[in-house]
Amino acid sequence: MTAHGTHGSAKAPLVVVGDALLDRDLTGHADRLAPDAPVPVVDDCEERIRPGGAALAAYLAAADGRPVTLITGLGDDPASARLRELLDGRVEVIALPLTGPLSEKTRVLARGRPVVRLDRGDGRVRSATDEARAALRAAPAVLVSDYGRGAADALRDELTARPPLVWDPHPRGGSPVPGTRLVTPARSEAQAFAHRAEADEASRTQADADASSPGSDADAVSPGSDADAAPGTGKPSAGAASEPAAGAVPPRGGRVAAGEVGEPAAHGPRGHELYAAAGQAAALVRHWRVGAVSVTLGVRGALLSYGDHPLLVPAPAAHDGDPCGAGDRFAATAAGLLADGALVGEALQGAVAAATAFVGAGGAAAITATAPGGTRPAPGGTGTPPAPADAGRDAPDDADPFAVAARVRDAGGTVVAAGGCFDLLHAGHVGLLQAARRIGDCLVVCVNSDASVRRRKGEGRPVNPLADRVRVLRALGCVDAVAVFDEDTPERLLAELRPDVWVKGGDYTGADLPEAAQLRQWGGQAVLLPYLDGRSSTALIARAAEGAR
């Protein structure tokens, strides 16, 4: 079948490989309990059917206006036939044979809240086809949407030969192939994968020890092991937290470093989560030998790691909506933007924005299948972030940063700190501070004194004296307190403040984050945040001087 309405599009085509599902929502209202059991009675149910799994990812990518081909398992059962109808005219489908009926997932919702989910259908992909192999060989860009039902496994040799742009993994599926540019596990999945990787490495180490012991057969493989199933890992990169060359693969031969997949003793729960996610993502980059791993964190956004200092992209807003399908929206957007030529960090920002908007618009439940040519735009759009909202707090002029941090920490919250000169406050500064505030429960800004700025920037700086810089920062709703340090680095101040998260702009590199090691001493995490290009106090001063001539 041929997709309509996509020919002539400027957007790059995308091939999606994965396991399609048929999703069904039965939505009604529950105002009473059943007389024979303490369960809600859901009345006046309305049925909505939509593509699910890899089919939803393909559907959303096509709704973004790009040509999409879906390689997935389909059979002769009624669910497969219904899914073909939903995709007809939107997505080109290449079917792989199934061993049984297509998987169906039915949610029962009362006033938009799930009550129970009913699953049926156990079909798995039986084998690849020549048509599917040929489509993959010719594909300019590939997204793997693995739901653990065999599609990616059946085509693993082709995917290994031409690694995909994005691999959205599943706990019951295989590992991403080495060379994949971006892998996108959810938080719980990353934790499970990292612990599995740690166990694999422990088994490999034991097997190596057994092989080297006297009387052993060095060529033997220990029972139950698979020498190719778990690629080795490399040591952490000491380079910049910037995107590696396309297709670059971390080296084999190291171990997942002790403590990287463990749980830290960070203060606030969100600081704890970031610390753990950063270590797990870095370990998986090396273990899987992929370009980057992005751990999605729900309303907190996503954390990106190339194996060193992570980049955190906070969600532009928090929505109390239905998150069903948000992971597919995220993966489809990231793959599409990468196919269009975006860098991984740019694709991640677009994906976070699109997934956030998707949930805000009602999630997968808001998708209504219409006749071909009348497709309703998929919730979430294509990844243009909305303007960031202000945190809505005015910091008192005399807010003591240590008292603020202690109060938040005593309440079990997360303390975030950011630092800089902030000489001429501009849009880059404001965006960074707003994003930093959304990470935790308070934001303390650490500011260089006048003497410190002068040593760093030279004579003539700062343009604005300390009192003015502090006053402007305190006026921002996203800033809870301001602390001043007179040294060249905030090391002493951080040791006293002990934040859970230390934030720097994405224009810094791994070598520019000496604070990362310091924060690890108390279980904190240093992260990079996206930074608006072309904004800097130095550039503003230069342009002003040029205009005055």
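Basis of the calculations
Residues numbered from 1 in each chain as written. Predicted model: local features only at pLDDT ≥ 70, side-chain atom pairs only at ≥ 80, totals over all residues. Heavy atoms only, no water. Phe/Tyr/Trp six-rings, centres within 6.5 Å; stacked < 30°, edge-to-face > 60°. Helix = DSSP H or I, 4+ residues; strand = E, 2+ residues; numbered from the N terminus. Buried < 20%, exposed > 50% of the residue type's maximum accessible area, 1.4 Å probe, protein only. Pairing = 2+ DSSP bridges. Axes fitted to C-alpha atoms, helices over the stretch in contact; angles between N-to-C directions. pLDDT = per-residue confidence, 0-100. Contact = heavy atoms within 4.5 Å.

*Asks:* Teacher, can you tell me more about the packing of aromatic side chains here?
*Replies:* Aromatic rings considered in pairs are described by the distance between their centres and by the relative angle of their planes. The full count for this structure, using the stated rule, is one aromatic pair. A centroid spacing of 5.3 Å and a plane angle of 70° characterise the contact between phenylalanine 193 and tryptophan 288, whose relative ring orientation is edge-to-face. In this pair, phenylalanine 193 is assigned in helix α6 (residues 187-212) and tryptophan 288 in helix α7 (residues 269-288), connecting sequence segments 95 residues apart. Judged by relative accessible area, phenylalanine 193 falls into the buried class, the value being 5%. Under the relative-accessibility criterion, tryptophan 288 is labelled buried at 2%.

*Asks:* When you look at the sheet that holds strand β6 (residues 104-110) in this model, what are you seeing that I'm missing?
*Replies:* If you walk across this open sheet you meet the four strands as β3-β2-β6-β7, and the pairing is mixed. A single partner strand is all that each edge strand has here, and the edge strands are β3 (40-53) and β7 (113-120). Each strand of the sheet is rotated relative to its neighbour by a mean of 20°, with strand direction disregarded. As defined by bridge partners, strand β2 (residues 20-33) adjoins β3 across 12 bridges and the pair is classed as antiparallel. When the sheet's bridge partners are listed, aspartate 23 is paired in β3 with arginine 50.

*Asks:* Even after reading the chapter, I still don't get the confidence of the model for the chain, so can you show me in this structure?
*Replies:* For any part of a model where pLDDT is low, the fine detail of the predicted coordinates should not be relied upon. Of the residues in the chain, 76% have a pLDDT of 70 or more, and the chain-wide mean is 81. Considering only residues more than four positions removed or in separate chains, one finds that residues 370-377, a stretch of pLDDT under 50, has 11 contacts. The low-confidence segment residues 384-395, where pLDDT is below 50, has 27 contacts with residues more than four positions distant or belonging to other chains.

*Asks:* Just checking my understanding: could you explain unusual backbone geometry for this structure?
*Replies:* Here aspartate 44, not a glycine, exhibits a phi torsion of approximately 50°, which is positive. When you line up the elements, aspartate 44 lands in strand β3. One non-glycine residue, arginine 498, lies in the positive phi region at around 50°. Residue placement: arginine 498 occurs in the loop between α14 (491-497) and β17 (501-505).

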